[in-house]
Amino acid sequence: LLEIRYFAKTSDFDNLFYYDGNDLGATYYKDHTTFKLWAPIASKVILRYTLNDRTYEAEMTKGERGVFEVDIKGDLDNALYNYVITNNGKEVT
């Protein structure tokens, strides 16, 4: 079994997954919001958000450097959100 925690402490990991962008988290616009999360060892990330007492989920797409991203259309002003991250087959929020 691969112990990812050991690989994550190597210079190879840093070279592959180092991210120096300043756009992680939620970037809000009146007509859409873009969510980005750096989770290079995750196999899956779900955005869960609540707006007007309704909860929604959207699967995020893994891109370069291990950054997951999803763009949600509509006005998400005052929405609450969190991420459901799958690592090694286990979901954590």
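What counts and how
- Residues numbered from 1 in each chain as written.
- Predicted model: local features only at pLDDT ≥ 70, side-chain atom pairs only at ≥ 80, totals over all residues.
- Heavy atoms only, no water.
- Helix = DSSP H or I, 4+ residues; strand = E, 2+ residues; numbered from the N terminus.
- Buried < 20%, exposed > 50% of the residue type's maximum accessible area, 1.4 Å probe, protein only.
- Contact = heavy atoms within 4.5 Å.
- Areas by Shrake-Rupley, 256 points an atom, 1.4 Å probe, with all protein chains shown as cover.
- Core = buried A, V, L, I, M, F, W, Y, C linked by side-chain atoms within 4.5 Å.
- Pairing = 2+ DSSP bridges.

For the protein chain, the count of helices and strands is two helices and eight strands. When the helices and strands of the protein chain are listed from N to C terminus, the series reads α-α-β-β-β-β-β-β-β-β. Over its C-alpha atoms, taken along the principal directions, the protein chain stretches across nearly 45 × 25 × 15 Å. Buried positions account for 32% of the 93 residues belonging to the protein chain. The contacts in the protein chain between residues at least 6 apart in sequence include a share of 60% that link residues at least 24 apart. With the model as given, the accessible surface of the protein chain reaches about 6700 Å², and the carbon-plus-sulfur share is 49%.

This next bit is on the nonpolar core. Ranked by internal contacts, the top residues of the largest apolar core, which has 17 residues, are Phe35, Val45, Leu47, Met60, Ile72 and Tyr83. Elements supplying a minimum of two residues to this core: β2 (32-38), β3 (44-51), β6 (67-73) and β7 (80-87). Ranked by residues supplied to this core, first place goes to β3 with four residues. Excluding anything up to four places from it in sequence, Met60 contacts Phe35, Lys36, Leu37, Val45, Leu47, Phe68, Glu69, Val70 and Tyr83.

This brings us to the sheet that holds strand β1 (residues 25-29). Strands sit in the order β1-β2-β6-β5 across an open sheet of four strands; the sheet is antiparallel. Here the strands that pair on one side only, and so sit at the sheet edges, are β1 and β5 (61-62). Pairing of β1 with β2 involves five bridges; the strand directions are antiparallel. Each bridged residue has a counterpart across the sheet, and for Gly25 the counterpart in β2 is Lys36.

Before going further, it helps to spend a moment on unusual backbone geometry. Even without a glycine there, the phi angle at Asp53 is positive, about 65 degrees. Among the residues examined, Asp53 registers a relative accessible area of 81% and is labelled exposed. Located in the positive-phi region is Asn88, a residue other than glycine, with phi close to 50 degrees. For Asn88, the position within the fold is in the loop between β7 and β8 (90-92). What makes Asn88 exposed here is its relative accessible area of 72%.

Don't take any of this as a statement about function, it's just geometry.
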